[in-house]
Every structure is written in structure tokens, then in C-alpha cells.
Amino acid sequence: MTDSSAKWGRRNFVKVLAEGRNDARLLRYDPDTRTTTTVLDGLSFANGLHLAHDNSFLLVVELSKCRILKYMLEGPRAGTVETFTDNLPGIPDNIRPNSRGGYWLAFATARQAGKFSAIDFLAPKPWLKKIIYKLMIPDILFQTLPKYGLIVELNASGDIIRSLHDPVGTVFSGVSEVQEHDGVLYLGSFSAPYLRKLDITFLLNTFT
């Protein structure tokens, strides 16, 4: 499981995003001993988590760094970590398996080329983030993010092979969850009290 911040609870995710601290962790709970140990630390807003299709590694979404890490569970590299995919086109949330050996990744919003992004602008300026955090309510900063619906499909190597967009968030934005079942995608959002259902049968049959 992931712990997004050592300072803030999960409900304060906007504050976690605004501060950009590297104090998130990947944790392991042993039900036999009822103990929790730290597997990885120093992460930046660790969020989505999922096992590989063959259970050989664990994928960990680092929301603030717009990347996914790969933590090896088996073989000679067990216990090591590497980047699965980086410089993602938005702020990633949860990751789930698809039916073709790859994964679906949900995005809270998109990073658009040629358009101002508060997240990208502030990322290399921790001193400025501290000033803004003190002067501005974090929720106001979050409201500056564009309402953009985005999910992408990754192959087994972490390459983007397909992306679905709602550029103005008319149908759905702030996607936090995407689950595939029998040719249908079920989409959840942290900002909507309902699910969206998207039939992708034609898409898969035409472009797979």
C-alpha cells in the first residue's frame, strides 16, 4: 500500500500536492504478525499501486513527479526499483490492468504543451511553493488546474499505445479510476459522485 504523505492525511491531498514533499512511502503489511514495514521511502505523492500481470513486480504511481516506478518482487533484481515510465502527459492517479497484458492509467488532469501548468512551473521551485502555500489557500491553487478528461493505455513495457481525451471536461474530468471489463471502461472521479461507462469494443476491434 502507499502512504502519500508523512505529514498530511489522504483527505488533504491538495496540500500534499501543493507542498511537493518527498516523504511518501510504499508500505508492506504482514497480516500474520500485524506489522507494517517500509519498502520504499522518499517518494513524491505515492498514489496508485498495482501488481504486474505475472506478479513479478509492483507498479507505483508517483503523482507529483508524473511517473511510474517499477519495484521488482522476483528474480535476481528483487528489491530494486527502476522507472517504468516517465514524463507522463498529465497528473497520474490510479493504474489498473487491461485485457492485453498492459495497463490503463487515469489522470486527474492533463499537461498541455504550450499552456501554463502550475504543477510544472512550481516543480523546480520549492522555495516559491512554500511562499504560495503560506499566502494562498491550497484549494485555490488546485482550482487553477484545467478540467481535462484523460486516460492512457500502456503496454507491458510502459509505452503509451492509446489515449482517450475530453479536452474541456464536458463528459468527464478529474479521472481517478479506470477499470476494464468485457470491452467496457468504468471511470471514476475524485470530483464526481457517479461512474461513467465507456464501451471500447469498436475501438479495440479497429485499432488493436
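Residues numbered from 1 in each chain as written. Predicted model: local features only at pLDDT ≥ 70, side-chain atom pairs only at ≥ 80, totals over all residues. Heavy atoms only, no water.

A.B. asks: Can you help me understand the pattern of salt bridges in this one?
C.D. replies: What the rule picks out here adds up to 8 salt bridges. For glutamate 153, the salt bridge identified is with arginine 100, shortest N-O distance 2.6 Å. A residue pair is termed long-range when its members are at least 10 positions apart, and glutamate 153 in strand β10 (residues 149-154) and arginine 100 in the loop between β8 (90-97) and β9 (103-110) qualify at 53 residues. Looking at glutamate 153, the relative accessible area reads 0%, which means it is buried. Salt bridges sharing partners connect three or more residues here, namely Arg100, Glu153, Arg162 and Glu180. (Salt bridge = Lys/Arg side-chain N within 4 Å of Asp/Glu carboxyl O. Helix = DSSP H or I, 4+ residues; strand = E, 2+ residues; numbered from the N terminus. Buried < 20%, exposed > 50% of the residue type's maximum accessible area, 1.4 Å probe, protein only.)

A.B. asks: What is the right way to look at the packing of aromatic side chains in this model?
C.D. replies: Where two aromatic rings form a pair, the distance of their centres and the angle of their planes describe that pair. Taken as a whole and assessed by the stated rule, the structure comprises 3 aromatic pairs. Measuring from ring centre to ring centre gives 6.1 Å for phenylalanine 84 and tyrosine 103, while their planes differ by 85°; the resulting arrangement is edge-to-face. Here phenylalanine 84 is found in strand β7 (residues 81-85), whereas its partner tyrosine 103 is found in strand β9, with 19 residues between them in sequence. Residues phenylalanine 84 and tyrosine 103 agree in their burial class; the two are buried. Ring centres of phenylalanine 172 and tyrosine 194 lie 5.9 Å apart, and the angle between their planes is 50°; this geometry places the pair in the tilted category. Pair noted here: phenylalanine 172 is in the loop between β11 (160-166) and β12 (175-181) and tyrosine 194 is in the loop between β13 (184-189) and β14 (196-199), with a separation of 22 residues, a long-range link. When its relative accessible area of 6% is taken as the criterion, phenylalanine 172 is described as buried. In this structure tyrosine 194 comes out as partly exposed when scored by relative accessible area, which is 42%. A connected cluster of aromatic rings, assembled from ring pairs, spans Phe57, Phe84 and Tyr103. (Phe/Tyr/Trp six-rings, centres within 6.5 Å; stacked < 30°, edge-to-face > 60°.)

A.B. asks: Just checking my understanding: could you explain the sheet that holds β10 for this structure?
C.D. replies: Neighbouring strands of a sheet are bound in pairs by backbone hydrogen bonds; such pairs are parallel or else antiparallel. Ordered in space as β8-β9-β10-β11, the 4 strands form an open sheet in which the pairing is antiparallel. Only two strands of the sheet have a single partner each, and these edge strands are β8 and β11. Ignoring which end each strand starts from, the neighbouring axes of this sheet average 20° apart. By the bridge criterion, 5 bridges tie β9 to β10 in an arrangement that is antiparallel. (Pairing = 2+ DSSP bridges. Axes fitted to C-alpha atoms, helices over the stretch in contact; angles between N-to-C directions.)

A.B. asks: Even after reading the chapter, I still don't get the nonpolar core, so can you show me in this structure?
C.D. replies: Side chains that are nonpolar tend, in soluble globular proteins, to be buried together. Counting 18 residues, the largest nonpolar core has Leu59, Ile68, Ile95, Tyr103, Leu105 and Leu154 as the members making the most contacts within it. When residues of this core are traced back to their parent elements, those giving at least two are β5 (57-62), β6 (67-72), β9 and β10. Considering each element in turn, this core owes the most residues, 4 residues, to β9. With residues near it in sequence (within four places) discarded, leucine 105 still touches Val61, Ile68, Leu88, Pro92, Asn94, Ile95, Leu150, Ile151, Val152, Leu154 and Val178. If you look at the next biggest cluster of nonpolar residues, it comprises 13 residues, including Val175, Ala192, Ile200 and Leu203. (Core = buried A, V, L, I, M, F, W, Y, C linked by side-chain atoms within 4.5 Å. Contact = heavy atoms within 4.5 Å.)

A.B. asks: Can you help me understand the side chain of serine 64 in this one?
C.D. replies: With respect to the secondary-structure elements, serine 64 resides in the loop between β5 and β6. Take serine 64: its relative accessible area is 18%, and that puts it in the buried class. Leaving out residues up to four positions away in the same chain, serine 64 has contacts with Leu17, Ser44 and Phe45.

A.B. asks: Is there a simple way to explain the side chain of serine 189 in this structure?
C.D. replies: Along the chain, serine 189 turns up in strand β13. Assessed through its relative accessible area of 11%, serine 189 is described here as buried. At a separation of 3.0 Å, a polar atom in the side chain of serine 189 contacts the main-chain carbonyl oxygen of serine 173. Engagement of the side chain of serine 189 in a polar contact is seen with the side chain of serine 191, the distance being 3.0 Å. When residues no more than four places from it in sequence are discounted, the contact partners of serine 189 are Phe172, Ser173, Gly174, Val175 and Ser176. (Polar contact = N/O pair within 3.5 Å; in protein donor to acceptor, adjacent residues only side chain to side chain.)

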